[in-house]
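# Structure at a glance
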Amino acid sequence: MRTVTKRVLVTGGAGFLGSHLCERLVAQGHDVLCVDNYFTGRKDNIADLLSEPLFEAMRHDVTHPLFVEVDEIYNLACPASPIHYQFDPVQTTKTSVIGAINMLGLAKRVKAKILQASTSEVYGDPTMHPQSESYRGNVNPIGPRACYDEGKRCAETLFFDYHRQHKVAIRVVRIFNTYGPRMHPNDGRVVSNFIVQALKNEPITLYGDGSQTRAFCYVDDLIEGFLRMMGAPDEAIGPVNLGNPVETSVAELAGLVIELTGSRSKLVRRPLPVDDPIQRCPDISQAEQLLKWQPKTPLRAGLKRTIEYFDGLLTQLGDIHKPAAVAAE
């Protein structure tokens, strides 16, 4: 059955997550406006959508007001990797806070439903494990990651205050580590770092002793969570954790990437970055109950698809020294 066509705004729509979301929305028959300032978003990510009559791309920074008529807003605009959000930390905070104010103002004016892509970083370096939505976090408000962590925490505050004060229909999801095709090759995140280094047969950088854990969710599973959250009953406003509840150590991930790429890379150890969390794993009980959602893609299968993407990208850029072979399916 065909869904009712909606006018949907996706901020950060040319980014890693945003471009996948735009594809899904267009495939569902919605009229999609992708807004991005292309700081970390890439035009290549949305190139295949530009010929679609239901898709439109606009260069715009959400720290400035936007006047459009839409039914739903997905607010994804903000650099999400430490390398990018620490490049201009003041702008990162502005994007989270002023961007939220502008998008909430738009939602209030046009009576649109709005979803905030928040983050597991609101939990900081957690003292509770796994992290449930009731946990209030352990964040250093003056550290080098605070521009992102506290910016996203403030954005959540704004969303809930606009809901209470102005009756704006909000949804808030907290995203845990997500990976897949179209990750930025230089974003400094562990999955993209390891894959790019392995494909180039360069030393793989392991921070700390490698025992720190993450929970890796494949991008298609996360986007399904976004769509279910937006379509949830009005009382289901969140925040809701979206991520993979299966923990993987960073050292285990490195070994798996080396195996799947057939790389000759060796591990090199570096000191753990400041305020880098030791454990990160979501409690997704709410997502399972409210959204009937849980990730379905095994890590090995998702990594193979991601490796194939980076293999093609690096080959295209002429920036690759081929390992023996990317492991076959």
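Just above, that's the structure.
First, a word on what this report is: a plain description of the structure on this page. The shown structure was predicted, so the numbers you read here are calculated from the model rather than taken from an experiment.

## Some words on the packing of aromatic side chains
- For the coordinates displayed, the defined rule picks out 4 aromatic pairs.
- Taking the centre distance of 6.1 Å and the plane angle of 35° together, the rings of Y123 and F176 count as tilted. Placement of Y123 in the loop between β5 (113-119) and α5 (146-166) and of F176 in the loop between β6 (170-175) and β7 (178-179) is noted, with a sequence separation of 53 residues between them.
- Note on Y123: relative accessible area 1%, which makes it buried.
- The class of F176 is buried, set by a relative accessible area of 3%.
- Ring centres 5.5 Å apart and planes at 65° place the aromatic pair Y179 and Y218 in the edge-to-face group. Here Y218 lies in strand β10 (residues 217-218) and Y179 lies in strand β7, a separation of 39 residues in the sequence.

## Remarks on the pattern of salt bridges
- Throughout the structure, instances matching the rule amount to 15 salt bridges.
- Of the charged contacts in the structure, one is a salt bridge between K6 and E72, with a shortest N-O distance of 3.0 Å. Linking K6 in the segment before β1 (7-11) with E72 in strand β4 (residues 72-75), this pair joins segments that are 66 residues apart in sequence.
- What makes E72 buried here is its relative accessible area of 7%.
- Note that R7 and D71 form a salt bridge whose closest N and O atoms lie 3.2 Å from each other. Here the residue R7 occupies a position in strand β1, and D71 occupies one in the loop between β3 (55-59) and β4, the gap between them amounting to 64 residues.

## Points about the environment of N138
- Secondary-structure assignment places N138 in the loop between β5 and α5.
- Note on N138: relative accessible area 37%, which makes it partly exposed.
- It is 25 Å that separates the C-alpha atoms of N138 and A236, two residues lying 98 residues apart in sequence.
- If sequence neighbours within four positions are ignored, N138 has contacts with Y123, G124, D125 and T127.
- Reaching out from N138, the side chain makes a polar contact with the backbone oxygen of D125 at a distance of 2.7 Å.

## Observations concerning helix α8 (residues 250-261)
- If you check α8, its first and last C-alpha atoms are 17 Å apart, about what 12 residues at 1.5 Å a residue would give, namely 16 Å.
- Turning to α8, its buried residues are V250, L253, A254, L256, V257, L260 and T261. Here the buried residues of α8 occupy an arc of 165° about the axis, which is enough to place them on one side.
- Those residues of α8 that are buried are in contact with α6 (190-199), β8 (204-207), β12 (248-249), β13 (267-270) and α10 (299-317).
- Of the residues one or two after α8, G262 is the one with positive phi, at around 65°.

## Observations regarding the state of the cysteines
- Tallied over the full model, the rule gives 0 disulfides.
- For the unlinked cysteine C78, the closest cysteine sulfur is that of C147, found at 8.0 Å.
- Assessed through its relative accessible area of 7%, C147 is described here as buried.

## Some remarks on the sheet that holds β4
- The strand order β3-β2-β1-β4-β5-β6-β11 describes an open sheet built from 7 strands, whose pairing is parallel. Pairing within the sheet leaves two strands with one partner each, and these edge strands are β3 and β11 (240-242). Across the sheet, the axes of successive neighbouring strands diverge by a mean angle of 20°, strand direction being ignored.
- Judged from the 4 bridges that link them, β1 and β4 form a sheet pairing that is parallel. Pairing of L9 across the sheet is with I73, part of β4.
- Sitting on the sheet, α5 is in contact with β5 and β6, with an inclination near 155° to β5.

Scoring rules and cut-offs
- Residues numbered from 1 in each chain as written.
- Predicted model: local features only at pLDDT ≥ 70, side-chain atom pairs only at ≥ 80, totals over all residues.
- Heavy atoms only, no water.
- Phe/Tyr/Trp six-rings, centres within 6.5 Å; stacked < 30°, edge-to-face > 60°.
- Helix = DSSP H or I, 4+ residues; strand = E, 2+ residues; numbered from the N terminus.
- Buried < 20%, exposed > 50% of the residue type's maximum accessible area, 1.4 Å probe, protein only.
- Salt bridge = Lys/Arg side-chain N within 4 Å of Asp/Glu carboxyl O.
- Contact = heavy atoms within 4.5 Å.
- Polar contact = N/O pair within 3.5 Å; in protein donor to acceptor, adjacent residues only side chain to side chain.
- Expected span 1.5 Å × (residues − 1).
- Arc of directions from axis to C-beta.
- Disulfide = S-S within 2.5 Å.
- Pairing = 2+ DSSP bridges.
- Axes fitted to C-alpha atoms, helices over the stretch in contact; angles between N-to-C directions.

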